[in-house]
Structures are given as structure tokens and as C-alpha cells.
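# Working through the structure, step by step
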Amino acid sequence: MSKKWFGIALSAALIGTAMCAIPAAAEEADVADKKVGICIYQFADNFMTLFRGELENYLVDQGFTAENITIQDGKNDINEQSNQIDAFIADGVDALIINLVDPSNAPTVTDKVVAAGIPLVYINREPEESEEQRWADNGWNVTYVGCDARQSGTYQGEIIADLGIDAIDFNGNGKVDYVMVMGDPANSDAQYRTEFSIKAVEEAGLEVNALRDTQIGNWQQEEGNRIVTNDLAQFADDLEVVFCNNDAMALGALEAIKAAGRTVGEDIYLVGVDALDEAIDDVIDGSMTGTVFNNHIAQADGAADAAIAFLAGEAQDVQQYCDYVKVTKENAEDIKALLQ
Ligand code: BGC
């Protein structure tokens, strides 16, 4: 199965990491009269709101007219999204960009979109590798453009491990006592971040202790707040590190931490993923230990480029990944500047 890594024109020096080269601009395709249908799993998601805004602007920059770009809110409902996809097919859109409500639905969606002869770009929620392999085997115009969630989990774990056990071990038991707040468990981003964050701490040679089983916060701030409020009441000073699969839940966790009279960096640590504006500010002022930049700009632009390339008759690798970037106090100002 062929995989491509890409990045956008971010200054590598500025963000302190090696980004991949800009992909060769998609072959000139006349897109002024092309219609693109976009399905977002739910508009009420902070990260997907940023992603969606960038996607729309970039498509217009590439020559699509605003009237020919239709974006639908799946409202986190599989049936609702399925009807939206059917309507796009009936309407004869020229390309589809889909953020699935449920990635396990990819085979069904792929089959009907391919049967209608419409090129398809999946974003954000990656289908199973076996499904991607099926696209490659059949030579279909289907691709996934996103990030490798394993990398974001690893970066979260490294941010914590880099603090060193002496700084983390407030209760002196020699272990990293933590809780995990997970996103939607059906989503590979949530599965991989949960697994690889802890793996990275262990691989750095630190012993970990999960204070409880993983709890599901479904990517939502209020859930992060509810879960961590309970954790702080139950585990009190034994709770040393809060891992959240995204920043929205970490922002909720931070409210809980403050309400419990605890202070990040002094008696507890907190990490998220995404690099939402508010989270970057929290990293700058020390109220979040770190986050991981989930590059919505590269992903949105990459998804649009893939759709344009399909329209120009160019085959695409079935898996197209861009890099995450670790965000700590050292580079948070730079990331903030980059996103302004
Ligand atoms: C982001 C989350 C978002 C989710 C939606 C993840 O990559 O980190 O913030 O809620 O995608 O699927």
C-alpha cells in the first residue's frame, strides 16, 4: 500500500521540527464549474470547525466557486450522514470529501461513491488499513488525507517523560500516576493517542500507574471537566498527570484542576492534542504542560489538493499523512504566531 507524507509551507526553523516538502501543486484542473460535497461528522467540534473553515477557503483559493462547495453537518448521526452522502451522489457532485461519523462505515460509503464514479477523499477519521488496501487493490480514486495519530500520542508521552520522574513523582511512589481521558473510542485518533502516549512514557524508562480505567470524554470539554472533577475528588494528591486525547477535553480538565485548587506545573501536569488557540495560551502561561499541533491547515489543503488531483485524472496514494508538532513552553509562541 503506498503512503505519502506531506507538509505545508511552514517554516521548519520556526516550529522547530522537520516538516516534509510541499506537495507538487495538483495538476491544473479547471475547477470553476466543479461541485464538491463535504461531509463533516459534526459542526459542534472545535477542531473540525477550524478544519472546515480552512478547507472552504482553500478550495475557493484554488478556483472553486463558493456556490459549488456544499458542506453538511452530520450531527454525529450515521443515518443523517448517510442521507447527506446519498443526496450529494444524486446531485452529481464531482468530488466528495468525507469526515465519517463512524470510520467502520467506510466500506459501505466507499462502495456507493465509487459506483457513482465520484472521487473520494476521507479526512480526519481514518478507515481501517484493510479498507485502504482495498482501494489500492482496485485502483479506485479514493484516498485518506490526515495525520498518523500514533505520532500525536507518542509526542504527548514524550512531553511528560521529558519532565523526568523526580519532577512528576509528587507522591514519592516512584511511578507516574495518571488518568486517561479518551475521545470517541470508535475513532483511531482516540485509540492510538491513548495507547501511544503511555507507551512513550514507558519507553523513556518511567514506570506508569493508571489510577483508574480509561474514561470516555467523546472529545468534549464538558466531559473532560466532569471526568477530571471526579478524578481529583477521588485520587486527590496522588493524581500527577492528566492525559487528554484532545485540547477541548484538556481545557475542561484544566477548569477542574483550577477548581480543585491544584496548579499545573507545580502539583500536577496536563497534556492535550490539537493546539487550539486557548490551549496554546495555556501552554504559554504554564497552565497546560503541553499540547500537540494537529495541523488542520496542512490536512485541509492536502485534502483539497487530492480532490483536485483526482479531477485532473491523477492517481493518488491511498494514505497521505502530515506531521504533528510537539508544543511546549519553548515553541508555543512560535506556533501561535504561525497560526495568526
Ligand atoms: C481531534 C479532535 C477532534 C476529532 C474529531 C481529532 O483529530 O484531535 O479534537 O474532536 O479529531 O474526529
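Here the structure is shown first, and the text comes after it.
Summary of the structure given here.

Conventions and cut-offs
Residues numbered from 1 in each chain as written. Predicted model: local features only at pLDDT ≥ 70, side-chain atom pairs only at ≥ 80, totals over all residues. Heavy atoms only, no water. Buried < 20%, exposed > 50% of the residue type's maximum accessible area, 1.4 Å probe, protein only. Helix = DSSP H or I, 4+ residues; strand = E, 2+ residues; numbered from the N terminus. Pairing = 2+ DSSP bridges. Patch = residues over 30% accessible without salt bridge, like charges linked within 9 Å, V, L, I, M, F, W, Y side chains within 5 Å. Areas by Shrake-Rupley, 256 points an atom, 1.4 Å probe, with all protein chains shown as cover. Salt bridge = Lys/Arg side-chain N within 4 Å of Asp/Glu carboxyl O. Lys, Arg positive; Asp, Glu negative; His and termini not counted. Charge placed at Lys NZ, Arg CZ, Asp CG, Glu CD. Near = heavy atom within 4 Å. Polar contact = N/O pair within 3.5 Å; in protein donor to acceptor, adjacent residues only side chain to side chain. Nonpolar A, V, L, I, M, F, W, Y, C, P; charged D, E, K, R; others polar. Contact = heavy atoms within 4.5 Å. Axes fitted to C-alpha atoms, helices over the stretch in contact; angles between N-to-C directions. Parallel < 35°, antiparallel > 145°, perpendicular 65-115°, else oblique. Left-handed = near helix turned anticlockwise from the far one by under 90°. Right-handed = clockwise from strand over helix to strand, strands pointing away. Phe/Tyr/Trp six-rings, centres within 6.5 Å; stacked < 30°, edge-to-face > 60°. Lys NZ or Arg CZ within 6 Å of the ring centre and 35° of its normal. Arc of directions from axis to C-beta.

### Digging into the pairing of strand β7 (residues 176-182)
Of all seven residues in β7, seven are buried, a share of seventy percent or more. On β7, burial covers both faces: Val 176, Tyr 178, Met 180 and Met 182 on one face and Asp 177, Val 179 and Val 181 on the other are all buried. Strand direction decides the pairing type here: β7 and strand β8 (residues 208-210), joined by three bridges, are parallel. In the strand pairing of β8, Val 176 is matched with Val 208.

### Examining a negative patch on the surface
Taken together, the side chains of Glu 222, Glu 255, Asp 277 and Glu 278 define an acidic patch exposed on the protein surface. Counting through the fold element by element, Glu 278 comes out in helix α11 (residues 277-284). Residue class for Glu 278 comes out partly exposed when judged on its relative accessible area of 48%.

### Quick word on the site of the ligand
Around the ligand, a shell composed of Tyr 41, Asp 45, Phe 47, Asn 124, Arg 125, Asn 187, Asp 189, Arg 193, Trp 219, Asn 246, Asp 274 and Asn 294 is seen. Between the ligand and the protein, one listed contact pairs an oxygen atom with a side-chain N or O atom of Asp 189 at 2.5 Å. Here an oxygen atom of the ligand sits 3.2 Å away from a polar atom, N or O, in the side chain of Asn 294. With the chains in place, 99% of the 310 Å² that the ligand exposes on its own is no longer accessible. Considering only residue class, the shell around the ligand consists of three nonpolar, four polar and five charged.

### Quick notes on unusual backbone geometry
If you check the backbone angles, Trp 219 has positive phi at about 75 degrees while not being a glycine. With respect to the helices, strands and loops of the structure, Trp 219 is situated in the loop between β9 (215-216) and α9 (221-235). Since its relative accessible area comes to 10%, Trp 219 is described here as buried. With a phi angle near 65 degrees, Ala 275 is a residue other than glycine that sits in the positive phi range.

### A word on the environment of Leu 270
When you line up the elements, Leu 270 lands in strand β11 (residues 269-271). Measuring from C-alpha to C-alpha, the distance between Leu 270 and Tyr 178 comes to 9.8 Å, with 92 residues separating the pair along the chain. Discounting chain neighbours no more than four positions away, the residues touching Leu 270 are Val 242, Cys 244, Ala 250, Ala 253, Leu 254, Ile 257, Val 264, Ser 287, Met 288, Thr 289 and Gly 290.

### Description of the packing of helix α10 (residues 247-259) against α11
For the pair α10 and α11, interaxial distance at closest approach is 9 Å and the crossing angle is 50 degrees. Taken as axis vectors, α10 and α11 run oblique relative to one another. Remark: the crossing between α10 and α11 carries left-handed chirality. Between α10 and α11, the residues in contact are Asp 247, Leu 251 and Leu 254 and Glu 278, Ala 279 and Asp 282, respectively. Split into classes, the residues belonging to the contact of α10 with α11 amount to three nonpolar, no polar and three charged.

### Here's the deal with the pairing of strand β4 (residues 95-98)
The alternating pattern of β4 places Ala 95 and Ile 97 and Leu 96 and Ile 98 on opposite faces, both of which are buried. In this structure, strand β2 (residues 36-40) lies alongside β4, joined through four bridges in parallel fashion. If you follow Cys 39 over to β4, its bridge partner there is Ile 98. The pairing of β4 with strand β5 (residues 120-123) spans three bridges and is parallel. Considered in β5, the bridge of Leu 96 is made with Leu 120. With helix α4 (residues 106-115) bridging β4 and the parallel β5, this β-α-β connection has right-handed handedness.

### A closer look at the packing of aromatic side chains
Overall, the coordinates contain six aromatic pairs when judged by the stated rule. Judged by centre distance (5.4 Å) and plane angle (25 degrees), the ring pair of Tyr 122 and Trp 135 falls under stacked. In this pair, Tyr 122 is assigned in strand β5 and Trp 135 in helix α5 (residues 129-138), connecting sequence segments 13 residues apart. Note on accessibility: Tyr 122 and Trp 135 belong to one class, buried. With centroids separated by 6.4 Å and ring planes inclined at 85 degrees, the aromatic side chains of Tyr 144 and Tyr 321 adopt a geometry described as edge-to-face. In this pair, Tyr 144 is assigned in strand β6 (residues 142-147) and Tyr 321 in strand β13 (residues 319-322), connecting sequence segments 177 residues apart. According to the relative accessible area criterion, Tyr 144 is buried, its value standing at 1%. Note that Arg 125 overlies the ring of Tyr 41, its terminal NZ or CZ placed 3.7 Å from the centroid. Positioned above the aromatic ring of Tyr 192, the side-chain terminus of Arg 150 is 4.5 Å from the ring centre.

### Section: α5
In an α-helix there are 3.6 residues to a turn, and that puts residues three or four apart on one side. Within α5, the full set of buried residues consists of Glu 131, Glu 132 and Trp 135. Along the axis of α5, the buried positions cluster into a sector of 100 degrees, meaning they face one direction only. Turned more than 90 degrees from where α5 packs its buried face, Ser 130 and Asp 137 sit exposed. At its buried positions, α5 is contacted by α4, β5, β6 and β13. Of the residues trailing α5, Gly 139 is marked for its positive phi of about 65 degrees.

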